[in-house]
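Now for the letters of each chain:
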Amino acid sequence: MVSRTVVLVAGALALLPCTGARAVEHGFPQIQHYSPSLPEAEVQNFGIARAPDGTLYIANGGGILVHDGAWWRLVEIGAAHTAISVATDAAGRVAVGGVDEIGYLKADTGGALRYVSLAGLLPPDQRKMGQVMRILPTPEGFAFLTTRWLLLWDGKTVRTLATYPDDRPYTAIFPIRETIYVWTRDGLSRLDGLPVPGGELFRGRRIDLILPADPDALLISVRGEGLFLFQDGRAEPFAPEASRWAAENKLLEGERLDDGRWVLGSVLGGALLLRPDGSVDQVIGTGTGLADDFVSGMTVDLEGSLWLALNNGLARVEVASRLSVLDVRSGLKGSVYHVARHRGELWAATSAGVFRSEGGSESGSESGRMRAVPGVPASGWSLLSQGDDLLAGTAFGIHVIRGEASHLLPDLGQRTAYLLVPSPSDPHRVWVGMEEGLAAIRKEGSGWRYEGMVEGVPRGVRAIVESGGVLWCGTELDGLVRVELPKGWPVSGSPRVRPLVDSFGARPHAVSGGILVSLEDRVLRLDEANGRLVEDPAIAELAGRFSVLVEDAQGNLWRNTRPVSVVKEGRREMLVEVPARGIETIVAEPDGVVWLGGDGGLFRYEGSFRGAGRPLSAPRLSRVTVAGKDIDIAGMGSRAPVLGSDARRLRIEVAPLSFRAGLRYQTRLDPLDSGWGSPAAEPFAELTRLPPGAYTFRVRTVAPSGETGPETSWSFRVLPPWYRTSWALILAVLLALAGVSGYARLRSRSLSRRAADLEARVADQTRELRRTLDELQRAHDELEVANERLEDLSLKDALTGVANRRRLQLVLEDEWSRSRRSRSPLAFALLDLDHFKALNDTRGHAEGDRCLQMVARFLSGSLGRHSDLVARYGGEEFAILLPETDLDGALLVAEQLRQGIQGLDIRVTASLGVASLVPAPGQRLEDLIEAADRALYRAKTGGRNRVCAASGPCQVGSSKVATTGA
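Residues numbered from 1 in each chain as written. Predicted model: local features only at pLDDT ≥ 70, side-chain atom pairs only at ≥ 80, totals over all residues. Heavy atoms only, no water.

A.B. asks: Please explain the state of the cysteines as it appears in this structure.
C.D. replies: Linking two cysteines covalently through their sulfur atoms gives a disulfide. Tallied over the full model, the rule gives one disulfide. Paired through a disulfide, C948 and C954 show a sulfur-sulfur distance of 1.8 Å. Classification of the bridge connecting C948 and C954 rests on its S-S torsion, roughly 120 degrees, and on that basis the disulfide is right-handed. You can call C948 buried: its relative accessible area is 0%. (Disulfide = S-S within 2.5 Å. Buried < 20%, exposed > 50% of the residue type's maximum accessible area, 1.4 Å probe, protein only.)

A.B. asks: I keep staring at the pairing of strand 19 (residues 218-222) and nothing clicks. Help me out?
C.D. replies: With five of five residues buried, strand 19 is to be regarded as a mostly interior element. Side chains of strand 19 alternate between two faces, with L218, I220 and V222 and L219 and S221 buried alike. Here strand 18 (residues 207-212) pairs with strand 19 via five bridges, running antiparallel. Bridged to I210 within strand 19 is I220. Where strand 18 folds back onto strand 19 in an antiparallel hairpin, the turn is made up of five residues. In terms of strand pairing, strand 19 meets strand 20 (residues 226-231) through five bridges, oriented antiparallel. Pairing of L219 across the sheet is with L229, part of strand 20. (Helix = DSSP H or I, 4+ residues; strand = E, 2+ residues; numbered from the N terminus. Pairing = 2+ DSSP bridges.)

A.B. asks: Explain helix 1 (residues 240-249) to me, please; I cannot follow it from the model alone.
C.D. replies: Helical geometry: 3.6 residues make up each α-helical turn, so side chains three or four residues apart lie on a common side. Every buried residue belonging to helix 1 is among A242, S243, W245, A246 and N249, and all of these are buried. Buried residues of helix 1, viewed axially, fall in a sector of 165 degrees; they line one side. Seen from the open side of helix 1, the exposed residues pointing more than 90 degrees away from its buried face are P240, R244 and E248. Buried residues along helix 1 sit in contact with strand 19, strand 20, strand 22 (251-256), strand 23 (262-266), strand 24 (271-274) and strand 25 (280-284). Phi turns positive one or two residues past the end of helix 1, at K250, with a value near 65 degrees. (Arc of directions from axis to C-beta. Contact = heavy atoms within 4.5 Å.)

A.B. asks: Is there a simple way to think about the sheet that holds strand 22 in this case?
C.D. replies: Strand pairing within a sheet occurs via backbone hydrogen bonds; the two strands may be parallel or antiparallel. Strand order in the open sheet formed by four strands is 22-23-24-25, with antiparallel pairing between adjacent strands. Looking at strand neighbours, the two that pair on one side only are strand 22 and strand 25, the edges of this open sheet. Along the sheet, successive strands turn relative to each other by an average axial angle of 15 degrees, direction set aside. Looking at chain direction, strand 23 and strand 24 are connected through four bridges and run antiparallel. Within the sheet, the bridge partner assigned to G265 lies in strand 24 and is A271. Of the strands in this sheet, strand 22, strand 23, strand 24 and strand 25 touch helix 1, which is tilted by about 160 degrees from strand 24. (Axes fitted to C-alpha atoms, helices over the stretch in contact; angles between N-to-C directions.)

A.B. asks: Would you take a moment to explain the sheet that holds strand 2 (residues 31-34) for this structure?
C.D. replies: If you trace the four strands from one edge of the open sheet to the other, you get 2-28-27-26, paired in antiparallel fashion. On the outer flanks of this sheet lie strand 2 and strand 26 (295-300), each paired with one strand and no other. Strand-to-strand twist across the sheet, computed as the mean angle between neighbouring axes with direction ignored, equals 20 degrees.

A.B. asks: I keep staring at the packing of helix 4 (residues 805-822) against helix 8 (residues 925-941) and nothing clicks. Help me out?
C.D. replies: Working note: a packed helix pair is described by the angle between its axes plus the distance between those axes. Where helix 4 meets helix 8, the closest approach of the two axes is 10 Å, and the angle between their N-to-C directions is 115 degrees. Where helix 4 crosses over helix 8, the handedness of that crossing is right-handed. Contacts from Q809, L812, E813 and W816 in helix 4 reach L925, L928 and I929 in helix 8. In terms of residue class, the contact of helix 4 with helix 8 is built from five nonpolar, one polar and one charged. (Left-handed = near helix turned anticlockwise from the far one by under 90°. Nonpolar A, V, L, I, M, F, W, Y, C, P; charged D, E, K, R; others polar.)

A.B. asks: Looking at this structure, I do not really get helix 7 (residues 887-902). What am I missing?
C.D. replies: Taking 1.5 Å of rise per residue, 16 residues should cover 22 Å, and helix 7 covers 22 Å from first to last C-alpha, within 8% of that figure. For helix 7, the full list of buried residues reads A890, L891, A894, E895, L897, R898, G900 and I901. Summarising the contacts, the buried residues of helix 7 are in contact with strand 65 (826-834), helix 6 (845-862), strand 67 (877-883), strand 68 (909-917), strand 69 (946-949) and strand 70 (955-956). (Expected span 1.5 Å × (residues − 1).)

A.B. asks: Can you help me understand the packing of aromatic side chains in this one?
C.D. replies: The geometry of two aromatic rings is summed up by the distance between their centres and the angle between their planes. Scanning the model with the defined rule gives 14 aromatic pairs in all. Note on F202 and F230: the rings are 5.3 Å apart at their centroids and 75 degrees apart in plane angle, and the pair reads as edge-to-face. Residue F202 is found in the loop between strand 17 (187-190) and strand 18, and its partner F230 is found in strand 20; the two are separated by 28 residues along the sequence. Both rings, one in Y695 and one in F716, keep their centres 5.6 Å apart while their planes meet at 25 degrees; by these two values the pair is stacked. With Y695 in strand 63 (residues 693-702) and F716 in strand 64 (residues 712-718), this pair connects stretches of sequence that are 21 residues apart. F716 shares its class with Y695; the two are buried. Ring pairs connect the aromatic residues Y34, W72, W307 and F659, which therefore count as one cluster. (Phe/Tyr/Trp six-rings, centres within 6.5 Å; stacked < 30°, edge-to-face > 60°.)

A.B. asks: Is there a simple way to explain the side chain of Q666 in this structure?
C.D. replies: You can see Q666 is positioned in strand 61 (residues 664-670). Take Q666: its relative accessible area is 10%, and that puts it in the buried class.

A.B. asks: Just checking my understanding: could you explain the nonpolar core for this structure?
C.D. replies: For soluble globular proteins, the rule of thumb is that nonpolar side chains tend to be buried together. Counting residues in hydrophobic clusters, the biggest one holds 31 residues, and the most contacted among them are L831, L833, C851, V855, L859, F878 and I901. Listed by contribution, the elements that provide at least two residues to this core are strand 65, helix 5 (836-843), helix 6, strand 67, helix 7, strand 68 and strand 69. Counting residues per element, this core draws most heavily on helix 6, which supplies seven residues. Residues contacting L833, with those up to four places away along its chain left out, are C851, L852, V855, E876, F878, I901, V908, T909, A910 and K940. Membership of the second largest hydrophobic core comes to 21 residues, among which are L830, Y873, L881 and L925. (Core = buried A, V, L, I, M, F, W, Y, C linked by side-chain atoms within 4.5 Å.)

A.B. asks: Explain the pairing of strand 28 (residues 313-317) here, please?
C.D. replies: Within a regular strand, the side chains alternate between the two sheet faces. Judged by how many residues are buried, strand 28 sits mostly within the fold: five of five residues are covered. Side-chain alternation along strand 28 places G313, A315 and V317 on one buried face and L314 and R316 on a second face that is also buried. Relative to strand 28, strand 2 runs antiparallel, the two being bridged by four bridges. Residue Y34 lies in a different strand from strand 28, and its bridge partner there is L314. Hairpin connection from strand 27 (residues 306-310) to strand 28: two residues lie between these consecutive antiparallel strands.

A.B. asks: Explain the environment of V43 here, please?
C.D. replies: Mapped onto the elements, V43 comes out in the loop between strand 2 and strand 3 (45-50). As a C-alpha pair, V43 and N60 span 17 residues in sequence and 7.6 Å in three-dimensional space. When neighbours within four sequence positions are excluded, V43 is seen to be in contact with L310, N311, N312 and G313.

A.B. asks: Mind showing me how you'd approach the environment of E589 here?
C.D. replies: With respect to the helices, strands and loops of the structure, E589 is situated in the loop between strand 54 (583-588) and strand 55 (594-598). Under the relative-accessibility criterion, E589 is labelled buried at 2%. Here W595 takes part through its side chain, which lies 2.6 Å from a polar atom of the side chain of E589. (Polar contact = N/O pair within 3.5 Å; in protein donor to acceptor, adjacent residues only side chain to side chain.)

This is the structure:
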C-alpha cells in the first residue's frame, strides 16, 4: 500500500510562525502496564522496592515478585503467601512482611531465592502480629512496623522498639535522608525517640506522607487537610491545588525525583506530579491511561522511570523521559500526518481530520487537550500557516481555516493535496504536492486562487524543495525531478521538467548545508549547479531507509527510520522509546521542542541531544537449565561446574538488570566461537549438542545506539559419555587380557576337551557384546532421528506444510553465497494473494486457511527443481527462491504460478514481484529481497493479478474473481 508520508521541506521552522501567545502543550508520559503470567501471582500489589543492582521486588497477593528486567520469579511468603510490604538496603538485602510474618529473602544452594521467616524469634504472644504495615532499612538492620509493634531486626535478633494502641489511626514511619520519622497520636518524633522540634503541631492530626523538600524542609501531607512545608518547627500550607487533591484522594505513598519533582500516590486518584514551586505538573490516573487509581507503592528504577504498585497490576511511568505523547486521551484521533504552529496554537492533520490544541494552564492539569476542527473532512494530509489563514491539505481538496470558520478552495476541487510548501521566491505563492502532480495556489487580497497544474511533473508529488528558482520534486514512483518554470508562469511559457534519478521513493531534504537526497538506504548530496547527485563521506552516517529528514534548532538531524534516529557530529541515537510503528512527520520548533507524528499519536520530545547516559550494567545469569533441570550457578564460586554427557540442551537465561528500551544481547561461546554473535532481542541462549570439553559462555548487553556493556562470563565442562572415558577403555583392556589369560590356562589344561566349550563361551560373550553395542547404536540412531525430526518441524510452516521464514532465511544465505562464488543469477519472488482479507471476512478463517493450504500445495507441486524453494513469508504472502535463474526465466515461472492460482477456483488471485541478480561485491542479500518487494508493490498498486519486476512492464492477468475489499 502507498505510504502516507509527508516529507518536510526547506525551512522546516518556517512552517511554525507564532503570532500571539504560545500555548502550553503537555503530553502524557508513556505508561507500560505489567501483569506477570506466573500462575501463582495475584493482580493485587501492596508495595515495591528496588535493590542497588536494579532488581525490583514487589509485595504481591501471591508472595514476592522478583523482576530483573527480563524475567519474573515468585517467592511464596509463609502460610498465607501474601506479601504486604517489602524493603531493600544498600547491601542488597531484602526484608519482607506479610500476615503474621516477618522475614527476609536468601538464595539457597541452587541460587534460587527462598523466604526465611523471623517470626520464630518473637515471643509467642507477639507472633500474631497481623499485617506488617511498613518496612524501612536502618543502620542496624530493618525496622518492621505492625499495627501494634515497631520491631527491629539487626541480622541476628528481633527486638521490640515500641508498642502502640492496636486501633486506628495506626502509627506511621517515614524515611527522610538519614533519619526515620515516627508519627503517633502524640505528634512527630524520630525513631531513636528524640523529639522533633514543632512535632507537637501534628498531635491528633494524621500524617499520611512525609517527603524531603529543599533545603532541609519536609513536605508533609495531613489527612483531610492537605500539604504543608515543615521547617524550624513551623508548618506552612503549600501548593493549594495539589493540597486540595491530596485531601480529597488520601495519600499513601510518595517519592522525590532527581529533577526535584514529587510524586504523590493516592488511594482514590492515582498519582500526582508536583513541581518544586508547588504547581501541578500532571495527574496520572485512570483518566490518563493508568489501569487503577489505587497506588499502594512506588519506586524509581535506575533509568529514572517510576514504577507504581497498583491494586490491579503494575505500571512503569516514563516520568524522566524527554518524550511525552498526545493521543486519544488528549482528544486527538487517527494517525498524525502533519503538524503546524498557527497563531500560537498547535494544529495536527490526521487520518480523522484536523485538530487544534486548546492550550492549557501552566499547572498542567488541563493541558494537552486537542479538539477536532468542524467542517474539515477526514484524511488530513498537510498544514501551512499563512498569516490569518491556515491551509489544510486533505484527501478532498484544500480547506482554508480562518478563526473558527473553514471553507473549501473551490477551483482546486476535491483532489488529494499531500503537501503545502510556501515559495521562498514568491511570498504569495504556495506549491501543492498532489496525487495528480504539482500545482500552485496564490494569495490575492483576502482570498486564495488556484493557479494551475505544472505540466510534465509525474504523479504523486510527496516532497518539494525550492532553491535558486528551481523546484526539486520527490515523486511516489518516478523518483526525483527537476522543474524550471519560465518567467511569468503560468501565463507564458512552458515548464522544463527533467528527471534526475528514477529511484523508487527518492526524496529531497533541505538542511543548513544544502539539499540532501535519500535513495532507498543511501543519502547523496545534490550538486545544484550541475544538477547531479554526488557521494559525500561527511553524511555517510545518515545512510538508512527513511523519508523524513529534519534539522532541529541544535543542528541535530532527525530521520523517520524504524526506530526514529537522531544524528549529530557523527553520533547516532535511536529513539526506541517511540512506540509508533511508523512516524509520518517530524517538526522541529525554534525553542528546541520536536514533534513526531505517527500511528501512535503526536509525540513531544524536549531536551538536548542525549549523549552518553547511564552506562550499561554487566548482565547477570538469571537461570541455567540442563534438559529442563536447574543447575546451581550461585554456589559454585570460582569452580567451573561439570555437566554430564546428557547436556544435549543447555539453556542460559540472562538478566539485564535494566529496563532501558531496545536492549539486545550478544553471546559468545569459547572456544567454539571466534567472535561475538549478532545482537538478539531474546534474553537467553540455547546451546545444543556440545561435544566434551571446557567452555566459557560470555554475554553482554547492547544499546540501540550500538553501545556495548561489560561482559559476564561463566565457565563449565561437559563430560564425555561413559563408553568414551579412560576408565571404560582401561576396563575393556583388562577384561580382554583376563579373557585371553583364562583362555590360555584352559587351553593348556585340556586343549582337546575344552576347545569346543571355550569356543561356545567366547561366541556367547561376543553375541552379548554385539547385542549391547547394537542396542546402544540403535538408541543413538533413534535419538538422532528424533532430533532431525524436531529440527525439520521447526523449519516448516504449521498451517501450510511448506518452509517457514526461518528455513527461507537459511537457504537464502546459502544460495546467495553459492551464487556469489559461481557468478550465477539468483532469482527471488514475493507472492501476495489478492482479496484474501475479503475472503476471510466473508467466508471465515477456516476457508482462508484452506485457501492458503491449496495455494501452498499448488506452489510446491509446480516447482520442478530440487533446488527451488517455496516458503510462507507471512500472512497471505509466499516467497519463491529460484537458484541459477535469470530475470526472464523467473518472470516465466512467476506467470505460470499466477495463472495456476487463478485457475484454482479459490476466489482469490495472486500478485507477484520478481527480482534476479548476480551478487556483486558490496551487494547485500537484502537488496534482492527489497527489489522483489518493490516489484510486488508495483503489482499491487497497478491493479493486482499481475507479475512485475522492479523495472519494466508488468504481465497482467484478467481476474475473474468476484469479491470486494483490498
